[in-house]
Amino acid sequence: MMATSERDVIDFSALELELQAAVESERRYQRENEAKLRAVSQRVASYQEFRDLVLTCHLKPLEKKDKEGAPRKQPWNPVAPSNN
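Residues numbered from 1 in each chain as written. Predicted model: local features only at pLDDT ≥ 70, side-chain atom pairs only at ≥ 80, totals over all residues. Heavy atoms only, no water.

Draft legend 1. Just the overall build of the chain, in detail. In terms of helices and strands, the chain carries three helices and zero strands. Split by element, the accessible area of the chain, about 8,600 Å² in all, is 55% carbon and sulfur. (Helix = DSSP H or I, 4+ residues; strand = E, 2+ residues; numbered from the N terminus. Areas by Shrake-Rupley, 256 points an atom, 1.4 Å probe, with all protein chains shown as cover.)

Next comes the structure, spelled out in structure tokens:
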């Protein structure tokens, strides 16, 4: 019978975390690469515009249902006194 060492034991929770991190990293790479290609095809005017497009590529536009009638979670200016 063969003795197993700690090296031979598989830590499935650590393996799953590593896999999730790798999948997210790949998604981010693909998302940023697509944003770079779009920016180049749009012929942005400056590097700053290019950079801004890539840095914000994870954002999604609001849908109409997100804006209308929904209670605001954050006041526009929390420091200003309310007019009530």
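Draft legend 2. Layout of the pattern of salt bridges. For the structure on display, the rule yields one salt bridge. Between Glu-32 and Arg-28 there is a salt bridge; the shortest N-O distance is 2.9 Å. Pair noted here: Glu-32 and Arg-28 are both in helix α1 (residues 12-41), with a separation of four residues, about one helical turn. Overall, the relative accessible area of 22% leaves Glu-32 in the partly exposed class. (Salt bridge = Lys/Arg side-chain N within 4 Å of Asp/Glu carboxyl O. Buried < 20%, exposed > 50% of the residue type's maximum accessible area, 1.4 Å probe, protein only.)

Draft legend 3. Unusual backbone geometry, seen in detail. Phi at Arg-43 takes a positive value of approximately 50°, unusual for a residue other than glycine. Looking at the secondary structure, you find Arg-43 in the loop between α1 and α2 (47-55).

Draft legend 4. Structural context of the environment of His-58. One can find His-58 in the loop between α2 and α3 (64-67). In this structure His-58 comes out as partly exposed when scored by relative accessible area, which is 48%. Distance from His-58 to Glu-32, taken between C-alpha atoms, is 8.2 Å for residues 26 residues apart in sequence. A polar contact of 3.3 Å, which involves the side chain of His-58, links it to the backbone oxygen of Leu-55. (Polar contact = N/O pair within 3.5 Å; in protein donor to acceptor, adjacent residues only side chain to side chain.)

Draft legend 5. Region of the structure containing α1. End to end, α1 covers 43 Å across 30 residues, agreeing with the expected 44 Å (1.5 Å per residue, within 8%). Phi turns positive one or two residues past the end of α1, at Arg-43, with a value near 50°. (Expected span 1.5 Å × (residues − 1).)

Draft legend 6. Looking closely at the environment of Asn-33. Secondary-structure assignment places Asn-33 in helix α1. Judged by relative accessible area, Asn-33 falls into the partly exposed class, the value being 28%.

Draft legend 7. The confidence of the model for the chain, seen in detail. Of the residues in the chain, 74% reach a pLDDT of 70 or more, and the chain-wide mean stands at 84. Of all helices and strands in the chain, the one with the weakest mean pLDDT is α3 (72), whereas α1 scores best (95). (pLDDT = per-residue confidence, 0-100.)

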